[in-house]
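# An overview of the molecular structure
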Amino acid sequence: DVRPLVAGNWKMNGTRSSLDQIKAISEGVRNELSEKVETLLCPPATLIYVATAICTESPLMIGGQDCHPETHGAHTGDISAEMIADCFGTFVIVGHSERRSDHGESDSLVRSKAEAAHAADLTAIICIGETADERKNGQTLEVLKRQLVGSVPDGATAERTVIAYEPIWAIGTGVTPTVEDIAEAHAFMRRELTDRFGAEGKAMRILYGGSVNPSNAKQLMAVDNVDGALVGGASLKAEDFLAIYRVY
Ligand code: 13P
C-alpha cells in the first residue's frame, strides 16, 4: 500500500522568525498522529539543521530543495546531498521547474542530482511538468514522458524516489488543472513508471503540485494515482499545511 506524502516546499522563503511555523507544523502532526500519511517540509537550506532539531519528537520529516550532483568540492554556493543528510534531512527536491528555469537545469543534470540523493540515502522528489504553451499544443504527455525518461535514474525504487507532477502554469497562480486532466496525467505517469520499474513503479508515489490549498486539497488528493501533494505557498502557514494534512 502506498502511503501518501504531504510535502511543503518553502522555496526562498523563511528566516529564523519562521521557526515558530515549523514548530507548529511539527507539533500539529504529532498531536494529530496519522498512520495514513507522511509529512515533509523543505525549508531553505539555512534552516534545515535547526528544523530537524525542532522535529526530533515529531513524524514531520525535513528535506532540502536542491542538491549538487557531487558530494563536495569547488562549487561555490551549492550544497550536496551529503550535507543535507548530515543535517538529518531525509529528502531532497530535485528538478523543480524554478531550478530548471532559473538555473537552466536539464533532465540529465536532474537525473544526476537524483542519483546523488540516492547515494546519500536521501529520498529524491523529482519534479516534472509542462508549460502553458506545451499544454496548449497538446504536448503534455509527451513532455512528461521525456522528463520521466530523462530525469529519473535507472534503478529508482519506490522507497527512495517520489515523482512530483507540477504543471508550470499551475504554480503560484491559483489555477489548477481539472481533476480529469490530473487523472489523465497521473495515469499516464503510472503506466510509464510501471513499464520501466515494474512493481517499484507501481508503488512509487506521484504527488500533484501547483496551487494546492486547504479548499481544493480534498478534491485533488482524491484523484486516482495522486499519492499526495507538493505544496508551495500554502505550506508557509502551519494552519494551512495542517488543513491539507487533515484531508487524509
Ligand atoms: P504553489 O503551491 O505556491 O503553487 O507552488 C507549488 C510548487 O511549486 C511546489 O513545489
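The structure presented is a predicted model; accordingly, all values stated were derived computationally and were not measured.

This next bit is on the site of the ligand. Not every one of the 13 residues close to the ligand is listed here, only the nearest: Lys11, His96, Gly172, Ser211 and Gly233. In the environment of the ligand, an oxygen atom lies 2.6 Å from a nitrogen or oxygen atom belonging to the backbone of Gly172. For the ligand, an oxygen atom lies 2.8 Å from a polar atom in the backbone of Gly232. Starting from 310 Å² of accessible surface for the ligand in isolation, the protein chains cover 94%. More than half of the atoms belonging to the ligand lie within 2 Å of the grid points that define the second largest pocket. When the residues that make up the shell around the ligand are grouped by side-chain class, the tally is four nonpolar, seven polar and two charged.

Position of Ala164 among the secondary structure elements: in strand β6 (residues 161-165). In this structure Ala164 comes out as buried when scored by relative accessible area, which is 0%. For the pair formed by Ala164 and Arg99, sequence separation is 65 residues and the distance between their alpha carbons is 14 Å. With near-sequence residues (within four places) excluded, Ala164 lies in contact with Ile125, Ile126, Cys127, Ile128, Leu207 and Leu230.

Glancing now at helix α11 (residues 238-245). Each turn of an α-helix holds 3.6 residues, which means side chains three or four residues apart point in the same direction. Most of α11 sits out of view: six of its eight residues are buried. Where α11 is concerned, the buried positions are Ala238, Asp240, Phe241, Leu242, Ile244 and Tyr245. Next to the buried residues of α11 lie β1 (5-9), α1 (19-31), β2 (38-42), α10 (217-221) and β8 (228-231).

Turning our eyes to something else, we now look at the nonpolar core. Core analysis: the largest hydrophobic core is formed by 58 residues, its most contacted members being Leu41, Val94, Ile126, Ile163, Met189, Tyr208 and Val212. Setting aside its immediate chain neighbours within four residues, Ile163 contacts Ile126, Ile128, Leu148, Val152, Met189, Leu193, Met204, Arg205, Ile206 and Leu207. With 12 residues, the next largest nonpolar core counts Leu5, Ala7, Leu40 and Phe91 among its residues.

The subject of this paragraph is the pairing of β1. When a strand is regular, its side chains alternate between the sheet's two faces. Counting buried residues in β1 gives five out of five residues, a clear majority hidden from the surface. Note that β1 and β2 share five bridges and pair parallel. Looking at β2, one finds that Leu5 is bridged to Glu38. Read as a crossover between parallel neighbours, the route from β1 over α1 to β2 is right-handed. Inspection of the sheet shows β1 paired to β8 by four bridges, in the parallel sense. Note that in β8 the partner of Val6 across the bridge is Ala229.

So, on to the layout of surface pockets. Of the pockets and cavities examined, the largest pocket occupies roughly 540 Å³. Contributing to the lining of the largest pocket are 19 residues, with Met12, Gln65, Asp66, Arg99 and His103 lying nearest its centre. Of the residues forming the lining of the largest pocket, the biggest block, three residues, is contributed by helix α4 (residues 97-102). Looking at the lining of the largest pocket residue by residue, the classes come out as seven nonpolar, six polar and six charged. What the second largest pocket holds in volume is close to 220 Å³. In this structure, the second largest pocket is lined by 19 residues; those nearest its centre are Lys11, Gly172, Ser211, Gly232 and Gly233. Tallied by class, residues from the lining of the second largest pocket come to seven nonpolar, nine polar and three charged.

Parameters at a glance
Residues numbered from 1 in each chain as written. Predicted model: local features only at pLDDT ≥ 70, side-chain atom pairs only at ≥ 80, totals over all residues. Heavy atoms only, no water. Near = heavy atom within 4 Å. Polar contact = N/O pair within 3.5 Å; in protein donor to acceptor, adjacent residues only side chain to side chain. Areas by Shrake-Rupley, 256 points an atom, 1.4 Å probe, with all protein chains shown as cover. 1 Å grid on protein atoms, 1.4 Å probe; cavity = no way out; pocket = protein on both sides within 12 Å on 5 of 7 lines; lining within 4 Å. Sits in = over half its atoms within 2 Å of the grid points. Nonpolar A, V, L, I, M, F, W, Y, C, P; charged D, E, K, R; others polar. Helix = DSSP H or I, 4+ residues; strand = E, 2+ residues; numbered from the N terminus. Buried < 20%, exposed > 50% of the residue type's maximum accessible area, 1.4 Å probe, protein only. Contact = heavy atoms within 4.5 Å. Core = buried A, V, L, I, M, F, W, Y, C linked by side-chain atoms within 4.5 Å. Pairing = 2+ DSSP bridges. Right-handed = clockwise from strand over helix to strand, strands pointing away. Points joined across faces, edges and corners; volume = space filled by probe spheres on them.

By themselves, these observations are geometric and do not establish any function.
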